[in-house]
Structure formats: C-alpha cells, structure tokens
Amino acid sequence: PHAAIKPVMDEIGYVCSASDPIQLKASPAGGVFYGNSISGDSFSSAVAGEGDHLIYYEYQDGFCSSTYDTIVVKNYEPNAGPDQEVCAASTHHISGLPLNGRWMNHSGNPAGSSRSNVSPNDEIINFSSIASGIYRFIYSTDDFQNCRDTMEFKVKPLPAITMIENSACLGETIVNNLVAQSP
C-alpha cells in the first residue's frame, strides 16, 4: 500500500483588492490549484472581490490523491478621498474609508504641514503660511499587503500684497490700491 502524500500550500492570509496577482506555491510540485479567481498558479485579488476566498491545491501521485485548502481574506480597498487644491495658511478635515484605517505623511512632503488625529480614520491637516507645493497623505487599512490610497493636496502659496506709497497730513483720508501678486 502507498502512504498518502499530504500537500502543503504557502499561506497567503490578507490581500488588498488593488494587489497584483499572487503567485501560489505548494509542495510537492506538480499539483493543481483551483478555486475562485485562480488562473494556473496565481490568484487575482482584483477579480475576486472583497471577502473570504477558498483556494485548493490537489496533488495526485498516480495512486493517491490529496487536497489542501487555505482561506484568502481580501480587504476592502481604501479610499483616501479626492485630491484637492488649497491655499497656504488653511486647515482641512480628511476622512478615509473603510473605517479604522490610519493616516501617514508621505516621506517626500515639503515643510509647512502638520496632522492631528480626530479619530482612527479622521485627521485635521494644517498648512502653514509658508506651505507651498504637493503634499501627499496616505490612508492605510492594514499592515498586511499595504492596502493604501493616497490623497494629494496642491498647496498654493499666499499672494504677496504690496501697497502703493502715499503721504498725507494728519486728519486726511488715504485711499490705497492694493496689488496682489503670485510669489
């Protein structure tokens, strides 16, 4: 009699809906993967949809057949919200979905912004008067497969205001024309 061979498949665990197809691995080699959103030896999370998905690996050695299964949990793709164009010296509330995610600063942000936490998925972003350029804030829903989305703020600098010089005597009224110019 032949002893049954027990196939083993690498665990996948959690994936993001935006993930690239995942290469499936199992041993012994030569078996067949099957299940929802399986093509050959890869799992397509983009096709699978959110939720739990069973993946099977079946191996036959000529006499015996054995199957191994694992569950892949596909998380909801995060949504950081739409990109925005704002002015320096302004404050903005941002909120990501699904709930219970977290916000992070992009490592390449210029100086002039700060974040304060309101709740797990809500933040207040403050841009100082010197803020100018592109600022990115990342909303992540897990630490497993980098399920994240990025919100971008294009911050316009404050205009430079100059006054045309006038002179007057005490008690006289001066009307000045202000000119706003882009820095």
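No experiment lies behind these values; they were computed from the predicted model shown. (Residues numbered from 1 in each chain as written. Predicted model: local features only at pLDDT ≥ 70, side-chain atom pairs only at ≥ 80, totals over all residues. Heavy atoms only, no water.)

S.K.: What should I look at first to understand the nonpolar core in this one?
M.R.: Across soluble globular proteins, nonpolar side chains show a tendency to be buried alongside one another. Grouped together as the largest cluster of nonpolar side chains are 14 residues, with contacts concentrated most on Ile 94, Trp 103, Phe 127, Tyr 135, Phe 137, Phe 153 and Val 155. For this core, the secondary-structure elements that each account for two or more residues are strand 14 (122-127), strand 15 (133-140) and strand 16 (148-156). When neighbours within four sequence positions are excluded, Ile 94 is seen to be in contact with Trp 103, Asn 121, Asp 122, Glu 123, Ile 125, Phe 137, Met 151 and Phe 153. Residues Ile 38, Phe 43, Ala 48 and Val 72 belong to the second largest nonpolar core, which totals 13 residues. (Core = buried A, V, L, I, M, F, W, Y, C linked by side-chain atoms within 4.5 Å. Buried < 20%, exposed > 50% of the residue type's maximum accessible area, 1.4 Å probe, protein only. Helix = DSSP H or I, 4+ residues; strand = E, 2+ residues; numbered from the N terminus. Contact = heavy atoms within 4.5 Å.)

S.K.: What am I meant to see in the sheet that holds strand 16 here?
M.R.: Each strand in a sheet pairs with another by means of backbone hydrogen bonds, the pair being arranged parallel or else antiparallel. Spatially, four strands are ordered 10-16-15-12 in an open sheet, and the strand pairing comes out mixed. At either end of the open sheet lies a strand with only one pairing partner, and these are strand 10 (84-87) and strand 12 (102-105). For this sheet the average axis-to-axis angle between neighbouring strands, irrespective of direction, equals 30°. For strand 10 and strand 16, the ladder comprises four bridges, and the chain directions are parallel. Note that in strand 16 the partner of Val 86 across the bridge is Val 155. (Pairing = 2+ DSSP bridges. Axes fitted to C-alpha atoms, helices over the stretch in contact; angles between N-to-C directions.)

S.K.: Please explain the side chain of Ser 37 as it appears in this structure.
M.R.: The topology assignment puts Ser 37 in the loop between strand 5 (32-35) and strand 6 (38-39). The exposure class of Ser 37 is buried, given its relative accessible area of 14%. Side-chain polar atoms of Ser 37 contact the backbone nitrogen of Ala 48, separated by 3.3 Å. Beyond its immediate stretch of four places on either side in the chain, Ser 37 contacts Ser 42, Phe 43, Ser 44, Val 47 and Ala 48. (Polar contact = N/O pair within 3.5 Å; in protein donor to acceptor, adjacent residues only side chain to side chain.)

S.K.: Is there a simple way to think about the pattern of salt bridges in this case?
M.R.: Note on pairing: side chains with opposite charge can pair once their charged atoms come close. Scanning the model with the defined rule gives three salt bridges in all. Where Glu 85 meets Lys 156, a salt bridge forms, and the shortest distance between an N and an O atom there is 2.7 Å. A residue pair is termed long-range when its members are at least 10 positions apart, and Glu 85 in strand 10 and Lys 156 in strand 16 qualify at 71 residues. For Glu 85, a relative accessible area of 49% translates into the label partly exposed. On the accessibility criterion, Lys 156 (38% relative accessible area) is partly exposed. Here Glu 152 and Arg 136 are joined by a salt bridge, their closest N and O atoms 3.1 Å apart. On the criterion of sequence distance, the pair formed by Glu 152 in strand 16 and Arg 136 in strand 15 is long-range, its members being 16 residues apart. Classification of Glu 152 as partly exposed rests on a relative accessible area of 25%. (Salt bridge = Lys/Arg side-chain N within 4 Å of Asp/Glu carboxyl O.)

S.K.: Looking at this structure, I do not really get the side chain of Ser 90. What am I missing?
M.R.: If you trace the backbone, Ser 90 turns up in strand 11 (residues 90-95). With relative accessibility at 15%, the residue Ser 90 sits in the buried group. Within the local environment of Ser 90, its side chain forms a polar contact with the side chain of His 92, the two groups lying 2.8 Å apart.

S.K.: Explanation requested: unusual backbone geometry in the structure shown.
M.R.: Of all residues except glycine, most have a negative phi; of all peptide bonds, most are trans. Following Ser 27, the chain continues into Pro 28 via a peptide bond in cis, with omega recorded as 0°. Examined against the element boundaries, Pro 28 turns out to sit in the loop between strand 4 (26-27) and strand 5. Note the cis peptide between Leu 97 and Pro 98, where omega equals -5°. For Pro 98, the position within the fold is in the loop between strand 11 and strand 12. Of note, Ser 37 is a non-glycine position whose phi angle comes to about 65°, a positive value. A positive phi is found at Ala 89, a non-glycine position, where the angle reads about 60°. Inspection of the secondary structure assignment puts Ala 89 in the loop between strand 10 and strand 11. Residue Ala 89 is classed as partly exposed on the basis of its relative accessible area, which comes to 49%.

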